[in-house]
Amino acid sequence: MITGKRFAAGFCALFAALSMGLSPTSAVADDEPDDGGSGPAPKVELLLDASGSMRARDIDGKSRMAAAKQAFNEVLDATPESVDLGIRTLGANYRGDDRKTGCKDTEQLYPVGPLDRADAKAAVATLAPTGWTPIGPALLKAADDLKGGEGSRRIVLISDGEDTCQPLDPCEVAREISAKGIDLTIDTLGLVPNTKMRAQLSCIAEATGGTYTSIRHTDELTDRVGQLVDRAADPVVRPVAVEGATSCAAAPELKPGVYTDRTGFGEHRWYRVDVEPGQELRASVSVAADRAVAKDYGVLMRAVTKHGREIVRGSEAGDGRTDAISTGLRYPKPEQDDDEAETEPVCLQVSHSYAPASGDAAAAKGKPGLPVELAVDIVDAPDDASDVAAFGLGRGWWLLGALVLTGFVGGLVWGWVARWRVAVWRTS
């Protein structure tokens, strides 16, 4: 979020939701119209590092820039018509030694929009490895290129080195972009990576739920960029950005769907779901660690009434290194004979026990918070009370009873055998 997995974190929340019986078709916000698949065009911007280090000839006997150009040409030929695609460069123009000027060197080579393959290829052909590596400033500009309108947005960053424009940390830039809730994913590809570059590019991707891939061959670059462009054309779930409140009374109302938010260390976020008699609320939450955190962690989701009485809770905890942690809950509201039965507002409280890593001053401030993904569904409540988890076991009571009975019978048989053997031994 969110360390692999739009807000990586995305997969974990959906998995937790499905494990409780949520169906993928129900995990889409109600306010999204069914347009038969002809919705807003997804937007993708390819962000290419054109710094001087791209001259190195260590990818299949040719330069890194030549490999990138070849991959771009093949990807442009295969880009779906439904995708609005653009190209931006960083470090492609300034050849001097002035750091301030070099860190402004980012340019949109081809605007985001319907693809003219000939024009895009012609623009790529003009590139030559030149200057600095301003990854942070380029990401900010790329996010601006993709803003506005609806639909998913994706930045595919291809680089062969670390950002050279500190203190603007590209990881912090990615977190700030994610915190804006504009449904933007950043995927990163490292050309012939070293340890430091791999760590930085991984951090950038994880902050927005994207992926990091190490690249050492031209065909790997072509295949991976093509996969990411195709993925943008066929998104599985598009989470809706929401901002939780600091109290139940002020909580935003959630309909069935998938939502994203951010919560700082020590914060409690509140959301509201209206449940009618005869319905069952199913909810899950995933919190992702998109930065260094302390060893111990946990997540808690509570369902409470508007008067503050706890109905049910779900929690999970652990220690060591983790990318995301998830939990969930179910609350069935029984049918009522009263004709005036009212809808019950159920408040969901989400909190986590992540703590900043020792010495991490930026993380200690808790901004912009850790990525949170919520999955909410409303289904028909079960007719039979046995369908609802009982003391946390649900239908597991049958298995527990069978095990107890088996153990009891086994104990009796073993005791009888033991006594018979003792009797035989004494007789002998």
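Residues numbered from 1 in each chain as written. Predicted model: local features only at pLDDT ≥ 70, side-chain atom pairs only at ≥ 80, totals over all residues. Heavy atoms only, no water.

### Considerations on the state of the cysteines
Two cysteines, two sulfur atoms, one covalent bond between them: this is a disulfide.
Move 1: Summed over the entire model, instances satisfying the criterion amount to 3 disulfides.
Move 2: What pairs with Cys-171 in a disulfide is Cys-203, and their sulfur atoms sit 2.3 Å apart. On the criterion of sequence distance, the pair formed by Cys-171 in helix α6 (residues 170–179) and Cys-203 in helix α7 (residues 195–207) is long-range, its members being 32 residues apart.
Move 3: Through a disulfide, Cys-248 is tied to Cys-347; the S-S separation comes to 1.9 Å. Of note, the bridge from Cys-248 to Cys-347 carries an S-S torsion of about 70° and is right-handed in sense. (Disulfide = S-S within 2.5 Å. Helix = DSSP H or I, 4+ residues; strand = E, 2+ residues; numbered from the N terminus.)

### A few points about α7
Move 1: Relative to the 18 Å expected for 13 residues at 1.5 Å per residue, α7 spans 18 Å between its end C-alpha atoms, a close match to the ideal helical length.
Move 2: Residues of α7 that are buried: Met-197, Gln-200, Leu-201, Ser-202, Cys-203, Ile-204, Ala-205, Glu-206 and Ala-207.
Move 3: Looking at the buried side of α7, the elements it contacts are α5 (135–146), β4 (153–159), α6, β5 (184–191), β6 (212–215) and β8 (257–263).
Move 4: Measuring from the side-chain oxygen of the N-cap residue of α7 to the backbone nitrogen of Lys-196 gives 3.2 Å; that N-cap residue is Asn-194.
Move 5: At the exit of α7 stands Gly-209, carrying a positive phi of roughly 80°. (Expected span 1.5 Å × (residues − 1). Buried < 20%, exposed > 50% of the residue type's maximum accessible area, 1.4 Å probe, protein only. Contact = heavy atoms within 4.5 Å. Polar contact = N/O pair within 3.5 Å; in protein donor to acceptor, adjacent residues only side chain to side chain.)

### Some points on the nonpolar core
Move 1: By size, the foremost hydrophobic cluster in this structure holds 32 residues, and its most contacted members are Ile-158 and Leu-221.
Move 2: Those elements giving two or more residues to this core turn out to be β1 (43–49), α2 (64–78), β2 (84–90), α4 (117–125), β4, β5 and α8 (218–233).
Move 3: When residues of this core are assigned to their parent elements, the largest contribution, 7 residues, is made by α2.
Move 4: Ala-283, Val-285, Met-301 and Val-376 belong to the second largest nonpolar core, which has 28 residues in total. (Core = buried A, V, L, I, M, F, W, Y, C linked by side-chain atoms within 4.5 Å.)

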